[in-house]
Amino acid sequence: KAAVCYEFGKPLSVEEVDLDPPQKNEVKVRIAATAICHSDIHVLRGELGFKLPLVAGHESAGYIEEIGEGVTGFKPGDRVVVSMLKSCGRCFYCAQGRPSLCEAVFPLTVESRLHNKKGQALNHMVAVASFAEYAIVDISQVVVIPDDMPLDCASLLACGVITGFGAVVNRARVEAMSSVVVIGTGGVGLNSVQGAAVSGACPLIAVDVNDKKLEAARLFGATHTVNAKQVDPVKAVREMTGGRGADYVFVTVGNASAIRQGYEMIRAAGMEVVVGLPVNGETVTFPPFFPDEKIVTSCNLGSMRLSIDIPRLVSLYKSGKLKLDELITARYPLEKINEAIESVERGEALRNVIVFE
């Protein structure tokens, strides 16, 4: 079964589909859990330019069911995290240790392994398409995890956790005792908060418009919170950082005005990292020259190296230093996926997870 989008903005259709076998360097994964990310919702609302019909879903974990030609190092039965990050290991960026910028074109980017009962090809969202019982992915997209790692929690490592956490520890490389602001404390933002807390940031300021999410940010390590509906967030942050602004600001919401606010929050020579994904067509304006040497950059999937960073995050979780269970608001079967999505859109959930076992 798969949850198929035939029309943007409409409920998904859960139906039986046909799945071709894995091809060279691909594996078939039996999905155990898939979290609902806001990127999925942007896609399903037609805001990111994807083509229909498609199967969304990209934040997953499960079991390798079948391996294709040329696959080594994996076997049926392996428990794996399934990410949308594909890398060839050979291109200019992969050779520099930057697989999140891989230049290669993969078959799953231009071909489909999924078809509905009418024979119509179904597009794979970001070469994963895991709102389904099974998925075909490139071997670079899977990482084996220990048998005692809960798969619902493991699914969060595929996108939300690595995106937020990695922006702090990999892209910005926040130093201990640095002042950090995180704008937006949803599923990704809370992981930026976690990454900053693990890095020893202080003060660690969370900014949002939802008091419940700000309470959650405290649980995940924030030392201060700012409700941007109640006060001027730029002024509040400057007051908390000695008047000069923060060393680092992470914008985890896809919002141009928030990006501009983040720019105003950083000190001279400070760094703003854009993590959230704005909808197509949004723009933000900056001065053509930064006399105060501010740095504005972005981060793709936490600048992660999956085979290195996923095991490290698993170790942090097992040692009690990374919160994953607390990120899961509710679990749903595939047949109730539309209810799970609507709950996320209403702001009721950090992460809702579709479970298959």
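Here, every reference points to the structure presented above.
Read on for a plain summary of the structure. (Residues numbered from 1 in each chain as written. Predicted model: local features only at pLDDT ≥ 70, side-chain atom pairs only at ≥ 80, totals over all residues. Heavy atoms only, no water.)

Between helix α8 (residues 233-240) and helix α9 (residues 256-265), the least distance of the axes is 9 Å, while the angle of their chain directions is 30°. Classified by the interaxial angle, the pair formed by α8 and α9 is roughly parallel. In this structure, the crossing between α8 and α9 has a hand that is right-handed. In contact with Pro233, Val234, Val237 and Arg238 of α8, α9 contributes Gln261, Glu264 and Met265. A breakdown of the residues in the contact of α8 with α9 according to their chemical character gives 4 nonpolar, 1 polar and 2 charged. (Axes fitted to C-alpha atoms, helices over the stretch in contact; angles between N-to-C directions. Helix = DSSP H or I, 4+ residues; strand = E, 2+ residues; numbered from the N terminus. Parallel < 35°, antiparallel > 145°, perpendicular 65-115°, else oblique. Left-handed = near helix turned anticlockwise from the far one by under 90°. Contact = heavy atoms within 4.5 Å. Nonpolar A, V, L, I, M, F, W, Y, C, P; charged D, E, K, R; others polar.)

This brings us to the sheet that holds strand β14 (residues 224-227). Taken together, the 6 strands give an open sheet; going across it, the order is β14-β13-β12-β15-β16-β17, and neighbouring strands pair in parallel fashion. Looking at which strands have only one partner, the edges of the open sheet turn out to be β14 and β17 (295-298). Adjacent strand axes in the sheet meet at a mean angle of 15° when their direction is disregarded. Looking at chain direction, strand β16 (residues 266-274) and β17 are connected through 4 bridges and run parallel. Its bridge partner lying in β17, Met271 is registered against Ile295. Along the sheet, helix α6 (residues 187-199) makes contact with β12 (180-183), β13 (204-208) and β15 (246-251), crossing β12 at roughly 170°. Along the sheet, α8 contacts β12, β13, β14, β15 and β16; its crossing angle with β14, the most-contacted strand, is approximately 160°. (Pairing = 2+ DSSP bridges.)

Our focus in this paragraph is the nonpolar core. Counting residues in hydrophobic clusters, the biggest one holds 72 residues, and the most contacted among them are Leu157 and Phe250. Core analysis: the second largest hydrophobic core is formed by 28 residues, Val4, Val17, Leu114 and Tyr332 among them. (Core = buried A, V, L, I, M, F, W, Y, C linked by side-chain atoms within 4.5 Å. Buried < 20%, exposed > 50% of the residue type's maximum accessible area, 1.4 Å probe, protein only.)

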